[in-house]
Amino acid sequence: MAAALLRTLRLATVAALLLATACATTQERPAGPKVNDLEIRGTDQVDEGDIKERILTSESPWWGFWPFGGPRYFDANAWQADLRRIQRYYQAQGYYDAAVVAAEVKPEGDDAVAISVEVKEGEPTRIGEIKDTGLKEALPPEFAKEHYARVMEKLPLKEGDIFEEAAWEETKTLVLERLRELGYAEAEVGGEVQVDLAKDKDTAATVELRVQPGKRYRFGNTFVATDANPQVPPRRIIEQVQGALSKGDWYSETKLAEAQARVFRMGVFGAVKVNRGAPDRESGTVPVVVDVRESPFRSVRLGGGVGVDAARQEVRVLGEWTHRNFRGGLRRLTVRGRVGYAFIPNVLDIKDSGPVFEVTTEFEQPRFLFRDLRLQTSITAERGLEQAYGFLGGRALAGVIWQPHPSFSVFPSYNLQLYRLTGQVSADARVPPIVLGCGTGSSTQCTVALSFLDVTFSWDRRDDAIEPRDGYFLGLSVQKGGGPFFGDFTYVRLLPDLRFYRPLDEDKRFVVALKVRAGSLNPAGGGQSSIVTRFFSGGGTAMRGFNGQRLSPMVALPTLVDTDGDGVPETESQEEEWDTVPVGGNSLLETSLELRYQFTESLMLAAFYDTGLVGIEDFSSSRGPKLFGPDHYHAVGMGLRYLTVVGPIRLDIARRLNIGRGLPVSTPGYIYPDSGGCFGIGSSRSPNGPTSPDAAFAGAPDGLCALHISIGEAF
């Protein structure tokens, strides 16, 4: 049944994507013939693909039979202009002798053509001399040497380089930005390039950079332009601006941008713009002008969702009500809720199911004690259903968020959590107490109280939190439970997180992404830990070689049948596969290397290599797991992303490598499958199968392949 469900999900995903894009890609066919092929020959120094991206004529893509692509048609007028564009593009790259020496449009049948172009590139024109005019002489004498060095450091153009127009424009922009960053608010940068084609190509270009830095300014007064009857006092806006810049500081456009981010982060404005006013040359100051428009202070949001995984599925309804000026002072009160129904493992093969909900009330007080400190409190009631257990309970949090910089925050908080845990399998409750962390002698139901201090640090330098393509993220969570905070468990829990993104091209279409996430849970005195604090991995945002939470130590759940009619069920021999449920571990490692390439405006491909480890013991234990040991699993896969305004819709298919051993299953007598296969195809088991994880395939009892459908990037 699981295999049939996965096949149905794959077909449904493809069909949905086709329907979503069919209308957007349907177009009326022009009068010209279809372009079957476009070839540009002679491109030794300039990439053929770069030329094709800059002309109108293009060849029909190989995927033209489906809605994501379509035939491309020939237009004679556009083609003549394209021939000039090719030559002009070469000139922009420094090849002034380049020429189109041949162009042929060859018919292929009655309604198609093949186009071929031959270019002669010639020799590139290089920079013989770079002169700067006006900069040294106009800088203040006391700053001249330092500022000149900072402005002219590592410019894109250097003597001996091929002269490229893009690098020339980038040089002028960079010089202007550096001057304004140093306080020269009225700086102007221009210049000219003289190319003498009669000279030696190695010295044919002379670059003259003309710079007028002007006067150096400091920040002056801050002025606020807002609604006619504002609810947000202007002094509160000015206070946020002063977190980025102060009157008397040297003018800097970076500080203006930081001030704008701070004002927008107040969360009550629909539009924010922080600009400089007209400079006052007499006083040497530049006023700061803040233009804001208040948004509604109350909002309601409703929505729904579906969680699809081979091990757990859920349908849910979401809602949120927010008051952004609760009792004045920009206090924020938010009530959010989620109500749904969960199915384990899926709607076609239900082993357990039930309603789930989560309701949270959150209160935030800005400017708590001082400007950059916010008080945050919340209380939550929830009911959940996981593969190993169900729970009913709640949690409360009280803490402060210190954010001295838009990219950096520290969040210390005190947390109290109370859960009623129940072991789950069909209608039976047979998960051993040690698995839930209920304590010795407890039944399969118990109440767990957690009391802990949590401190979270984050340094976020990503260009976009939803679809990052450049930058990095550093995070660290430290929990100390029990001890002076009481509670049923005394432990220390560490969870560092590193993510890195680097574009490999100017347009940021080709991106390499890296994630490393580790965790260690150290119970005091070597005691047990509660299942609600342990680590799990697997799923669309974790180790994709496993389904959700399936990378974990396991417990098998034997089938109980009343074979002798005495009303007492007995454990049946394992002729059928016993269900296994993940119970978590005290150590975690996840790594992911992903290459992402956007090949259309709305479609992106990804190739990834994930590894993951969840161990029973923490890393400090002598019995703890070893990196690249038998419990460290590896997977490779491919993914398709359909880009939307709410983030990419993501389809990932992963194949786990058969490196390592089976997952640890603590139930005595458990028999592992003989082989895992993919999506139920190629899997097999027998009564004489392996009973030890060392004799089983990597990651047994789970299959070797996993499919994930979700919204948002994996990391």
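Basis of the calculations
- Residues numbered from 1 in each chain as written.
- Predicted model: local features only at pLDDT ≥ 70, side-chain atom pairs only at ≥ 80, totals over all residues.
- Heavy atoms only, no water.
- Helix = DSSP H or I, 4+ residues; strand = E, 2+ residues; numbered from the N terminus.
- Buried < 20%, exposed > 50% of the residue type's maximum accessible area, 1.4 Å probe, protein only.
- Expected span 1.5 Å × (residues − 1).
- Arc of directions from axis to C-beta.
- Contact = heavy atoms within 4.5 Å.
- Polar contact = N/O pair within 3.5 Å; in protein donor to acceptor, adjacent residues only side chain to side chain.
- Core = buried A, V, L, I, M, F, W, Y, C linked by side-chain atoms within 4.5 Å.
- Salt bridge = Lys/Arg side-chain N within 4 Å of Asp/Glu carboxyl O.
- Disulfide = S-S within 2.5 Å.
- Axes fitted to C-alpha atoms, helices over the stretch in contact; angles between N-to-C directions.
- Parallel < 35°, antiparallel > 145°, perpendicular 65-115°, else oblique.
- Left-handed = near helix turned anticlockwise from the far one by under 90°.
- Pairing = 2+ DSSP bridges.
- pLDDT = per-residue confidence, 0-100.
- Phe/Tyr/Trp six-rings, centres within 6.5 Å; stacked < 30°, edge-to-face > 60°.
- Lys NZ or Arg CZ within 6 Å of the ring centre and 35° of its normal.

Engineer: Would you mind going over unusual backbone geometry with me for this structure?
Structural biologist: Excluding glycine, a negative phi dihedral is what most residues carry, and trans is how most peptide bonds are arranged. Between isoleucine 344 and proline 345 the backbone carries a cis peptide bond, its omega angle lying at 0°. As for its position among the elements, proline 345 is in strand 12 (residues 332-346). Residue alanine 700 is joined to proline 701 through a cis peptide bond whose omega torsion reads 15°. Position of proline 701 relative to the elements: it lies in the loop between strand 28 (649-656) and strand 29 (705-711). Unlike most non-glycine residues, leucine 369 shows phi in positive territory, near 75°. Along the chain, the position of leucine 369 falls in the loop between strand 13 (349-365) and strand 14 (373-385). For leucine 369, a relative accessible area of 67% corresponds to the exposed category. Despite not being glycine, lysine 508 shows a phi value in the positive range, around 60°.

Engineer: Before we go on, may I ask you to explain helix 8 (residues 253-264) in this structure?
Structural biologist: An α-helical segment advances 3.6 residues per turn. Residues three or four places apart therefore align on the same side. Taking 1.5 Å per residue as the helical rise, helix 8 with its 12 residues ought to reach 16 Å, and the 17 Å between its terminal C-alpha atoms agrees with that figure. Along helix 8, the positions that sit buried rather than exposed are Leu256, Glu258, Ala259, Arg262 and Val263. For helix 8, the buried positions fall inside an angular range of 165° around the axis, keeping them on one side. Where helix 8 is buried, its residues meet strand 7 (218-225), helix 7 (234-241), strand 8 (269-276), strand 9 (285-294) and strand 15 (389-405). Two or three places before threonine 254, at the start of helix 8, stands the capping residue serine 252, its side-chain oxygen 3.3 Å from that residue's backbone nitrogen.

Engineer: Got a minute to help me understand the nonpolar core in this structure?
Structural biologist: Across soluble globular proteins, nonpolar side chains have a tendency to be buried as a group. Among the nonpolar cores identified, the biggest contains 41 residues, and Leu421, Ile531, Leu551 and Tyr633 are the most heavily contacted of them. Those elements that provide at least two residues to this core are strand 15, strand 16 (408-423), strand 17 (445-460), strand 19 (491-503), strand 21 (554-557) and strand 27 (633-642). Val241, Ala244, Val268 and Val272 belong to the second largest nonpolar core, which has 23 residues in total.

Engineer: Help me understand the pattern of salt bridges, please; the structure alone is not making it clear to me.
Structural biologist: Any two side chains of opposite charge can pair, on the condition that their charged atoms come close. In total, this model carries 55 salt bridges according to the counting rule given. The shortest N-O distance in the salt bridge between glutamate 186 and arginine 281 comes to 2.6 Å. In this pair, glutamate 186 is assigned in the loop between helix 6 (165-181) and strand 5 (188-195) and arginine 281 in the loop between strand 8 and strand 9, connecting sequence segments 95 residues apart. Judged by relative accessible area, arginine 281 falls into the exposed class, the value being 55%. Of the charged contacts in the structure, one is a salt bridge between lysine 508 and aspartate 463, with a shortest N-O distance of 3.6 Å. Highlighted residues: lysine 508 in the loop between strand 19 and strand 20 (510-523) and aspartate 463 in the loop between strand 17 and strand 18 (471-481), separated in sequence by 45 residues. Residue lysine 508 is classed as partly exposed on the basis of its relative accessible area of 29%. Residue class for aspartate 463 comes out partly exposed when judged on its relative accessible area of 40%.

Engineer: Got a minute to help me understand the state of the cysteines in this structure?
Structural biologist: As used here, a disulfide is simply a covalent bond connecting the sulfur atoms of two cysteines. With the rule as written, the count across this model stands at 1 disulfide. One disulfide bridge connects cysteine 678 with cysteine 705, the sulfur atoms lying 1.7 Å from each other. Of this pair, cysteine 678 sits in the loop between strand 28 and strand 29 while cysteine 705 sits in strand 29, placing them 27 residues apart in sequence.

Engineer: Looking at this model, I keep getting lost on the packing of helix 7 against helix 8. Mind explaining?
Structural biologist: Axis angle and axis distance: for two packed helices, these are the angle between their axes and the distance between the axes, and together they describe the pair. Contact geometry for helix 7 and helix 8: axes closest at 8 Å, N-to-C directions at 135°. As far as their axial angle goes, helix 8 and helix 7 are oblique. Judged by the sense of rotation from one axis to the other, the crossing of helix 7 with helix 8 is right-handed. Only Ala259, Arg262 and Val263 of helix 8 make contact with helix 7, whose side of the interface consists of Ile237, Gln240 and Val241.

Engineer: Mind showing me how you'd approach the sheet that holds strand 2 (residues 99-107) here?
Structural biologist: Within a beta sheet, neighbouring strands are joined by backbone hydrogen bonds and run either parallel or antiparallel to one another. Spatial strand order, 1-3-2: 3 strands in an open sheet with mixed pairing. Whereas interior strands pair on both sides, the edge strands pair on one side only; in this sheet they are strand 1 (34-41) and strand 2. Averaged over all adjacent pairs, the angle separating strand axes in this sheet is 15°, with direction ignored. Where strand 1 and strand 3 (residues 112-120) come together, 7 bridges link them in parallel fashion. Bridge pairing in strand 3 links glutamate 39 to serine 116.

Engineer: What's the story with the confidence of the model for the protein chain in this structure? I'm lost.
Structural biologist: Segments scoring low in pLDDT should not have their predicted coordinates read at a detailed level. Of the residues in the protein chain, 90% reach a pLDDT of 70 or more, and the chain-wide mean stands at 88. Note that residues 425-434 has pLDDT below 50 and, in this model, 26 contacts with residues that lie over four places away or in other chains.

Engineer: Which parts of the structure should I look at to understand the environment of histidine 405?
Structural biologist: Along the polypeptide, histidine 405 turns up in strand 15. On a C-alpha basis, the gap between histidine 405 and aspartate 372 in space is 8.7 Å, while along the polypeptide they are 33 residues apart. Discounting residues that sit within four places of it in the chain, histidine 405 has contacts with Glu258, Arg262, Trp459 and Arg461.

Engineer: Quick question: what am I supposed to make of the packing of aromatic side chains here?
Structural biologist: How two aromatic rings sit relative to each other is given by the distance of their centres and the angle of their planes. Inspection of the entire model under this criterion finds 12 aromatic pairs. Centroid distance tyrosine 670 to tyrosine 672: 5.1 Å. Interplanar angle 80°. Geometry classified as edge-to-face. Each member of the pair, tyrosine 670 as well as tyrosine 672, is classed as buried. By the ring-pair criterion, three or more aromatic residues cluster together here, those being Tyr389, Phe391 and Tyr419. Taking NZ or CZ as reference, arginine 656 lies 4.3 Å from the ring centre of phenylalanine 546, over its face.

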